[in-house]
Amino acid sequence: MSDNLKARECFGSKFGIIAATAGSAVGLGNIWKFPYVAGENGGGAFLIIYLFFVMAVGVPVMMSEFAIGRRGQRNAYGSFSVVAPGKRWNLIGLMGIVAAFFILAFYSAVAGWTLEYMVSSATNGFAGQSSHDLENTFSAFIANPIRPVVWQMVFMILTALIILAGVSKGIEKYTKLLMPLLLLFIIVLCVRSVTLEGGKSGLAFLFKPDFSKVTAKTFLYAVGQAFFSLSLGMGALITYSSYFGKHENLASTAVSVALSDTLIAILAGVMIFPAVFAFGIEPSSGPSLVFITLPGIFQKMFGGGFFGSIFFILLAVAALTSTISLLEVVVAFFSEELKMTRRKATFIATIAASILGVFASLSLGIMKGVTLFGKNIFDILDYSASNVMLPLGGLLIVLFVGWFGGKKMLKAELSNEGELKTKYYPYFNFAVKFIAPVAIAAVFIYCMFWESLG
Ligand code: PHE
């Protein structure tokens, strides 16, 4: 009997489920994007709006994915084939698998950078560099045709080894170890940051509500950020929930995961901004915040080599628990639909994602000239997955569950076939049917048209 026909593997404990799922959600998006977007868009005012979207849009989409995966007991594509037999809804799953593949390619490139920076911090490699030098170091590093690619491969191999070990002995075992470590590191760094002299204005930047900065765009950023950060719309949660036990309470799991992800995002802000403001530096976002601004700060700070290394280990861990979930989406699909052994599926998926990943990496250097609509390969992969496939996938998922075929299934899954009380069901149902589709459609239209116009 081939191993895909054996009894399906399962996560062994509630903590394992939360660690794996929150591990997928907590990633680079929480650390380099959320804090800055929050600070720039009204601080506390953005937090309130974001929290509203997490609960009103994120949780309903997440529960819908959980319901599909646990009912289907298959990968993202196969689960739709089970819950909606003979219909084409499984194309949503297929799009999710493509999205996972795309995200894995550029995400693993960035994850590789964190390893290089971890080593440099630990060996004091940034000592004496001015902010201008740090900028040059970073641009020269990412444009280098070899080093980033080597680190990216190291990262892919790490991810593949965990996937190869299986669902409970690989994914669950390592995320249970890594997620508490991540929390510990983030707390250590938060304490270091808020105890710096002059750090208070950083907390004000993050938390002080400034409603004058809230515009239509703020709402759209909040939905977009919630989607990427919660790993929604691309099959990761469908795949993971197919490994949930049948007595698992899906609604409370979704709420716990969404709140943990948000808490870590907020802590990331508490870790970053007091330090940035204490050294009188303008906050920036994305790669430059993490790879240029922060190394500059660590260098000036007492114990900076140590705290810098911890910071980059933290980033690598956050990225690893996310790449695991991305690779699992593809591996589960290959092994169940194309009837491969897990070993072979992992091998092929890793090689394929690595090849695409190398192109993503090289497109920041020697392949810069290869562009489509003015975007290099890295940006094409990011844009098409994050701004097109994720929101479209999420929209179709809530339409399926709220309006077509999936309605009965949602109730049966949320109540564990009548075992649990579903006091909150009317609220969830309303959110799945109305709030989520309208909000996602708005962000989707915005990303596709408005932004490209201006
Ligand atoms: N949620 C992850 C982050 O915030 C990214 C991710 C998206 C991971 C989709 C898996 C699937 O970094």
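The shown structure was predicted, so the numbers you read here are calculated from the model rather than taken from an experiment. (Residues numbered from 1 in each chain as written. Predicted model: local features only at pLDDT ≥ 70, side-chain atom pairs only at ≥ 80, totals over all residues. Heavy atoms only, no water.)

1. A word on the overall build of the protein
Looking only at helices and strands, the protein features 18 helices and two strands. Here the protein has a C-alpha radius of gyration of 21 Å; the compact-globule value for 454 residues is 22 Å, and the two agree. Seen through its principal axes, the protein has C-alpha atoms that stretch 65 × 50 × 45 Å. Taken over 454 residues, the protein has a buried fraction of 58%. Summarising the internal contacts of the protein: among those between residues at least 6 apart in sequence, 82% fall at separations of at least 24. About 18100 Å² of surface is accessible on the protein, with carbon and sulfur atoms providing 69% of the total. Taking the 32 positively charged and 22 negatively charged side chains of the protein as two groups, their mean positions are separated by 8 Å. (Helix = DSSP H or I, 4+ residues; strand = E, 2+ residues; numbered from the N terminus. Rg over C-alpha atoms; globule rule 2.2 N^0.38 Å. Buried < 20%, exposed > 50% of the residue type's maximum accessible area, 1.4 Å probe, protein only. Contact = heavy atoms within 4.5 Å. Areas by Shrake-Rupley, 256 points an atom, 1.4 Å probe, with all protein chains shown as cover. Lys, Arg positive; Asp, Glu negative; His and termini not counted. Charge placed at Lys NZ, Arg CZ, Asp CG, Glu CD.)

2. Some thoughts on the pattern of salt bridges
Under the definition given, this model contains nine salt bridges. For the salt bridge of arginine 70 with glutamate 413, the shortest nitrogen-to-oxygen distance reads 2.7 Å. Of the two residues, arginine 70 sits in helix H3 (residues 44-72) while glutamate 413 sits in helix H17 (residues 407-414), which places them 343 residues apart along the sequence. Across the pair, exposure class does not vary: arginine 70 and glutamate 413 are buried alike. Through salt bridges with shared partners, a single ionic network connects Arg70, Arg71, Glu413 and Glu417. (Salt bridge = Lys/Arg side-chain N within 4 Å of Asp/Glu carboxyl O.)

3. Notes on the site of the ligand
Taken together, 14 residues surround the ligand, and among them Ala25, Leu28, Gly29, Tyr107 and Phe228 come closest. Leucine 28 has a polar backbone atom sitting 3.0 Å from an oxygen atom of the ligand. Between the ligand and asparagine 30 there is a distance of 3.3 Å, counted from an oxygen atom to a side-chain nitrogen or oxygen. For the ligand, the accessible surface in isolation is 320 Å², of which the surrounding protein chains cover 100%. The set of elements that each furnish at least two residues to the shell around the ligand consists of helix H1 (14-25), helix H2 (28-40), helix H10 (216-229) and helix H14 (304-337). (Near = heavy atom within 4 Å. Polar contact = N/O pair within 3.5 Å; in protein donor to acceptor, adjacent residues only side chain to side chain.)

4. A few points about the packing of helix H5 (residues 90-122) against H14
Describing two packed helices takes the angle between their axes plus the distance from one axis to the other. Relative orientation of the contacting elements H5 and H14 amounts to 160 degrees, with a least axis distance of 8 Å. By the angle class used here, H5 and H14 are roughly antiparallel. The two elements H5 and H14 meet at a crossing, and its hand is left-handed. Here the contact of H5 with H14 is built from residues that sort into 22 nonpolar, eight polar and no charged. (Axes fitted to C-alpha atoms, helices over the stretch in contact; angles between N-to-C directions. Parallel < 35°, antiparallel > 145°, perpendicular 65-115°, else oblique. Left-handed = near helix turned anticlockwise from the far one by under 90°. Nonpolar A, V, L, I, M, F, W, Y, C, P; charged D, E, K, R; others polar.)

5. As for the environment of tyrosine 117
Note that tyrosine 117 resides in helix H5. The exposure class assigned to tyrosine 117 is buried, which follows from its relative accessible area of 2%. When the C-alpha positions of tyrosine 117 and proline 437 are compared, they lie 40 Å apart, and in sequence the two are 320 residues distant. Not counting the four nearest positions on each side in its chain, tyrosine 117 is found in contact with Phe126, Thr137, Phe138, Phe141, Phe291, Pro295 and Phe312.

6. Some details on a nonpolar patch on the surface
Together, Phe347, Ile348, Ile351, Ile355 and Phe359 give the surface a local cluster of nonpolar side chains, amounting to about 470 Å² of exposed area. The residue isoleucine 355 is located in helix H15 (residues 342-362) in this model. What makes isoleucine 355 partly exposed here is its relative accessible area of 49%. (Patch = residues over 30% accessible without salt bridge, like charges linked within 9 Å, V, L, I, M, F, W, Y side chains within 5 Å.)

7. So, unusual backbone geometry
Positive phi, close to 55 degrees, is recorded for glutamine 73, a residue that is not glycine. Along the chain, the position of glutamine 73 falls in the loop between H3 and helix H4 (76-83). Here glutamine 73 falls in the partly exposed class, since its relative accessible area comes to 29%. Of note in the backbone geometry, phenylalanine 373 takes a positive phi value of approximately 50 degrees without being a glycine. Mapped onto the elements of the fold, phenylalanine 373 is located in the loop between strand E1 (371-372) and strand E2 (375-376).

8. Describing the packing of aromatic side chains
Tallied over the full model, the rule gives 34 aromatic pairs. Taken together, a centroid distance of 5.6 Å and an interplanar angle of 75 degrees make the contact between tryptophan 113 and phenylalanine 291 edge-to-face. Residue tryptophan 113 is found in helix H5, and its partner phenylalanine 291 is found in helix H13 (residues 286-300); the two are separated by 178 residues along the sequence. Here the aromatic cluster, defined as three or more aromatic residues joined through ring pairs, consists of Trp32, Phe106, Trp113, Tyr117, Phe126, Phe138, Phe141, Phe291, Phe298, Phe311, Phe312 and Phe378. The ring of tyrosine 383 has lysine 375 sitting right over it, with the charged end atom 4.6 Å from the ring centre. Above the ring of tryptophan 403, the side-chain terminus of lysine 433 is found at 4.6 Å from the ring centroid. (Phe/Tyr/Trp six-rings, centres within 6.5 Å; stacked < 30°, edge-to-face > 60°. Lys NZ or Arg CZ within 6 Å of the ring centre and 35° of its normal.)

9. What about the packing of helix H8 (residues 167-194) against H14?
At a closest axis distance of 9 Å, the pairing of H8 and H14 adopts a crossing angle of 150 degrees. In terms of orientation, H8 and H14 fall into the roughly antiparallel class. In this structure, the crossing between H8 and H14 has a hand that is left-handed. Contacts between H8 and H14 involve Val167, Ile171, Thr175, Leu178, Met179, Leu182, Phe185, Ile186, Val188, Leu189 and Arg192 from the former and Phe307, Ile310, Phe311, Ile313, Leu314, Val317, Ala318, Leu320, Thr321, Ile324 and Glu328 from the latter. Of the residues assigned to the contact of H8 with H14, the class counts are 18 nonpolar, two polar and two charged.

10. What about the confidence of the model for the protein?
The predicted model of the protein has a mean per-residue pLDDT of 92, with 97% of residues at 70 or higher. The model gives residues 1-5 a pLDDT under 50, and that stretch makes seven contacts with residues more than four places away or in other chains. (pLDDT = per-residue confidence, 0-100.)

11. Looking at the side chain of serine 24
For serine 24, the location among the structural elements is in helix H1. Judged by relative accessible area, which is 4%, serine 24 ranks as buried. With sequence-adjacent residues up to four places away left out, serine 24 is seen in contact with Ser231, Ala236, Tyr240, Thr321, Ser322 and Ser325.

12. Topic: the nonpolar core
Counting 161 residues, the largest nonpolar core has Met271 and Phe311 as its most contacted members. Looking at which element gives the most residues to this core, the answer is H14, with 20 residues. Contact partners of phenylalanine 311, with chain neighbours within four places excluded, come to Ile31, Leu189, Met271, Val290, Leu294 and Phe298. (Core = buried A, V, L, I, M, F, W, Y, C linked by side-chain atoms within 4.5 Å.)

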